[in-house]
Amino acid sequence: MSTDLPGHARAVIIGGGVVGCSVAYHLTRLGWGDVLLLERKRLTSGTTWHAAGLIGQLRATENLTRLAKYSAELYGRLEAETGQPTGFRQHGSLGLARTPERFTELKRAASMARTFGLEVEVLTPAEAGVLNPMIEVGDLVGAIFIPTDGQANPIDITQALAKGARMAGARIVEGCKVTGIAQASGRVTGVLTEHGPVTAEVVVNCAGMWGRAIGRMAGVNVPLQACEHFYVLTAPIAGLPKDLPVLRDPDGCLYVKEDAGKLLVGAFEPVAKPWGTDGIPDDFEFGELPEDWDHFMPFLEDAVRRIPALAEVGVRKFFCGPESFTPDDRYHLGEAPELKGFFVAAGFNSIGIQSAGGAGKALAEWITEGHPPIDLWDVDIRRMQPFQGAARYVRDRAVEGLGLLYAMHWPDRQYASARPARLSPLHERLAARGACFSELAGWERPGWFSEPGSTPAYDYAYGRTRWFERTAAEHQAVRERAGLFDLSSFGKFLLQGRDAETVLQRVCANDVAVEPGRVVYTQWLNERGGIEADLTVTRLASDRFMITTSAASQTRDFHWLRGHIPDDAHAYLSDVTSGLAVLGLMGPQSRELLARLTMVDLSNDAFPFGTSQEIELGYALVRAQRISYVGELGYELYIASEFAGPVLDLIQAAAGAEIRLAGFHALNSLRLEKAFRSFGHDLGDADTPFEAGLGFAVALDKPGGFIGRDALLRARDTVPSKRLVQFKLLDPEPLLHHDEPIVMDGVRIGLLTSGGYGHTLQTALGMGWVRHPAGVTAELLRQAHFEIEIAGERHPAEASLRPFFDPKGERMRS
Ligand SMILES: Cc1cc2nc3c(=O)[nH]c(=O)nc-3n(C[C@H](O)[C@H](O)[C@H](O)COP(=O)(O)OP(=O)(O)OC[C@H]3O[C@@H](n4cnc5c(N)ncnc54)[C@H](O)[C@@H]3O)c2cc1C
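What counts, and where the lines are drawn
- Residues numbered from 1 in each chain as written.
- Predicted model: local features only at pLDDT ≥ 70, side-chain atom pairs only at ≥ 80, totals over all residues.
- Heavy atoms only, no water.
- Pairing = 2+ DSSP bridges.
- Helix = DSSP H or I, 4+ residues; strand = E, 2+ residues; numbered from the N terminus.
- Axes fitted to C-alpha atoms, helices over the stretch in contact; angles between N-to-C directions.
- Salt bridge = Lys/Arg side-chain N within 4 Å of Asp/Glu carboxyl O.
- Buried < 20%, exposed > 50% of the residue type's maximum accessible area, 1.4 Å probe, protein only.
- Near = heavy atom within 4 Å.
- Polar contact = N/O pair within 3.5 Å; in protein donor to acceptor, adjacent residues only side chain to side chain.
- Areas by Shrake-Rupley, 256 points an atom, 1.4 Å probe, with all protein chains shown as cover.

Chemist: How should I be thinking about the sheet that holds strand S4 (residues 93–97) in this particular structure?
Modeler: The pairing of strands in a sheet comes from backbone hydrogen bonds and takes either a parallel or an antiparallel form. The eight strands are arranged S5-S6-S4-S13-S14-S15-S12-S16 in an open sheet whose pairing can be described as mixed. Sheet topology places strand S5 (121–123) and strand S16 (315–325) at the edges, where each strand pairs with a single neighbour. If you compare each strand with its neighbour and ignore which way they point, the axes differ by 20 degrees on average. Summarising the sheet, strand S12 (residues 225–234) and strand S15 (residues 262–267) pair through three bridges and their orientation is antiparallel. Bridge pairing links Leu233 to Leu264 in S15.

Chemist: What exactly am I supposed to notice about the pattern of salt bridges here?
Modeler: Think of it this way: side chains of opposite charge can pair up when their charged atoms draw near. Applying the stated rule across the entire model yields 47 salt bridges. With its nearest N and O atoms 2.9 Å apart, the salt bridge here joins Arg42 to Glu285. Linking Arg42 in the loop between strand S2 (35–39) and strand S3 (54–55) with Glu285 in the loop between S15 and helix H7 (293–306), this pair joins segments that are 243 residues apart in sequence. Overall, Arg42 belongs to the partly exposed group, its relative accessible area being 37%. Owing to a relative accessible area of 26%, Glu285 belongs among the partly exposed residues under this scheme. With its nearest N and O atoms 2.7 Å apart, the salt bridge here joins Arg98 to Asp249. Linking Arg98 in the loop between S4 and helix H3 (100–115) with Asp249 in strand S13 (residues 246–249), this pair joins segments that are 151 residues apart in sequence. You can call Asp249 buried: its relative accessible area is 1%.

Chemist: How should the pairing of strand S28 (residues 612–617) be read in this particular structure?
Modeler: Regular strands have side chains that alternate between both faces of the sheet. Relative to strand S29 (residues 620–625), S28 runs antiparallel, the two being bridged by six bridges. Counterpart to Ile615 in the pairing with S29 is Val622. Where S28 folds back on S29, the antiparallel hairpin that results is connected by two residues, among which Gly618 adopts a positive phi of roughly 60 degrees.

Chemist: What's the story with the site of the ligand in this structure? I'm lost.
Modeler: Surrounding the ligand, one finds 38 residues, the nearest of these being Glu39, Thr48, Leu54, Glu323 and Gln354. At 3.0 Å, a backbone N or O of Arg40 approaches a nitrogen atom of the ligand. Note that an oxygen atom of the ligand is positioned 2.6 Å from one of the side-chain N or O atoms of Glu323. Isolated, the ligand exposes 1,000 Å² of accessible area, and the fraction of that covered by the protein chains is 98%.

Quick look at the structure:
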């Protein structure tokens, strides 16, 4: 082992697992020869060495699938490129369904996969039995087969990536533990190691299950927890075909692969065992954890029912090793918001081998170009909130998260673990009034309200659930009378100081140099004109602004703004999320209801749309803002937390039966009818406001310009070749949940970014991107024939650039 350490490297990568080696490999491919990878023990000695080596390609989203597809392509050519065998074989993968619901899930996945150019076959049980003659198929409903999936040897893949990196100039030093992270003025400057310091422009945390501890050294939040993961290896089986496809039987929590004449049987059990909760032992190297037959036996018994031949062969090896899991089963990628130049690629949730190629490439491009190469918000480290790094939180969530990999991925499925974490000050009142809570970013938010006397609990289905009608009633109340939403989960920031306006003018695409009391809807853009944030800015005073964003974007948006405050600016940013509850009083009767409680003139002249005023409600001073995410006349009421309960009681007492408590499913249905966009779903950093139909919120000619203006100017006079489009199913029966393929003139062109049911329009609605080289116009949409594919079946749809409901927005301005 070499401890001959250079004093400087352009990039230092911490961790010599498959991920660190892939980042090193790809950085060198992009011309960064001066790369140093530090491994505390030996390459692969953490989690990588004992992986089962399944290389699947179908992921939950288009871009993650794109990255996994790239991994398979890369592993297919690495041997020729480096001379190091990888053991990569493409015999396909077979996914089994034991229930109709699971078959629907698989068929939806197949539809999605085909949209990305992945070949998938939907099979009958008998056809699945032909592909793998060892399996029992009598209880199956159906299956899917992905011919280009495969398997590989994780150690060999890692060594091949390391060799490729070395060949292009990277240095790999084993036996060198990183003990600290050096930083100055909010930027990483290098690492400290047991063999001395190394300065660097960029440091990349690829330390797997040690990633959280390495993050702590840097003051960076990397929420993950190691869990035990098991598989058994049978004795050799005579005549076992070498070309068996990898088998996934998620209803039995099982996966099976051929492994050098034996079968490897692994499981993702519903209740996992966290490991290393007091820290990962320092001497862990090529480590194995003790056998636990009691834990594994039920799954092995199930495997024997699926593959009866297993009953005849003994188990040669029980393997248990640790792997890291994140709070949402998605890995962490990208530049840490807390520290410039410090990047993370960790927490791979049992798919690190299949993900490493694509994740390493994407991160290397992110590092060299300064931004993600494609929209990677699903795995972006900025989606995490500080509290999610708490030891108890990551542990409790990991117990559930591992099993969810193979559980049914129901629409609106709620986590059962690590709850409650964040409660609105209205929580107890809303619970007493029947709220059924859903969780987002740790917040317990009313999803819908149950009938008096019934138990508020979710049931799940691809079709209509029991709470479908409850949501419909809440939706109708908002459209016809008034509804009351608890919106306290909004992220809320204050920017104060003499330079606050100048800072915000530079960051916002819209003009925020407005009179105090005005609310401005705006995007924050990157230099490419892509949308980094979608939010509102309220001018409270000449030197004071309030920024309101979605709960999921709280960390991202706070750090984006903080990163754009010049060092010498007199502008101070604080996060006031916890101090302010928010009630959304929405609906045509909302003005009249509010008028019963305040002396303030609420007329359209005195309190027009897009303005904000402080009003008295009972004993509370409340900031009321006339804006709406549901497309109706309405007010967002910002209330100091301790006053929120009494204000809710006051409004309900004054309004009686005229008002209805409403949840986030009704909100989603209402906003879909109005085609209001949702950041992270419909919008991302690769979409410009013009493409997204948000040009009305761009002040191209405001004095001083703004970040992204040059890119927008270049695009101003052309019809965008991609546009965000609304879809409405012509048949009112099928439901949309998002991610269903959009089919244009018989060709799948993308996926819905949002989907739901419009209870006023009485049919399913969706939103998604349509691309056309000559430009996407209303005329093109009129002429083309659109369908939406749901689990393989196509349903005719109407497409529109304008909202289907109240396209002129008259109701919310009334
Ligand atoms: C039983 C099992 C089966 C699996 N099967 C599959 C599969 O079939 N397909 C699949 O895609 N994935 C699979 N996985 C998951 C996969 O193995 C992991 O996701 C992947 O190996 C993670 O790689 P990594 O590089 O992030 O972490 P690691 O391999 O753990 O690498 C991190 C490295 O960082 C080093 N390090 C830590 N701290 C420091 C420090 N302070 N200084 C220097 N170095 C440090 C460690 O020593 C370690 O070598 C499986 C996992 C398990 C446990």
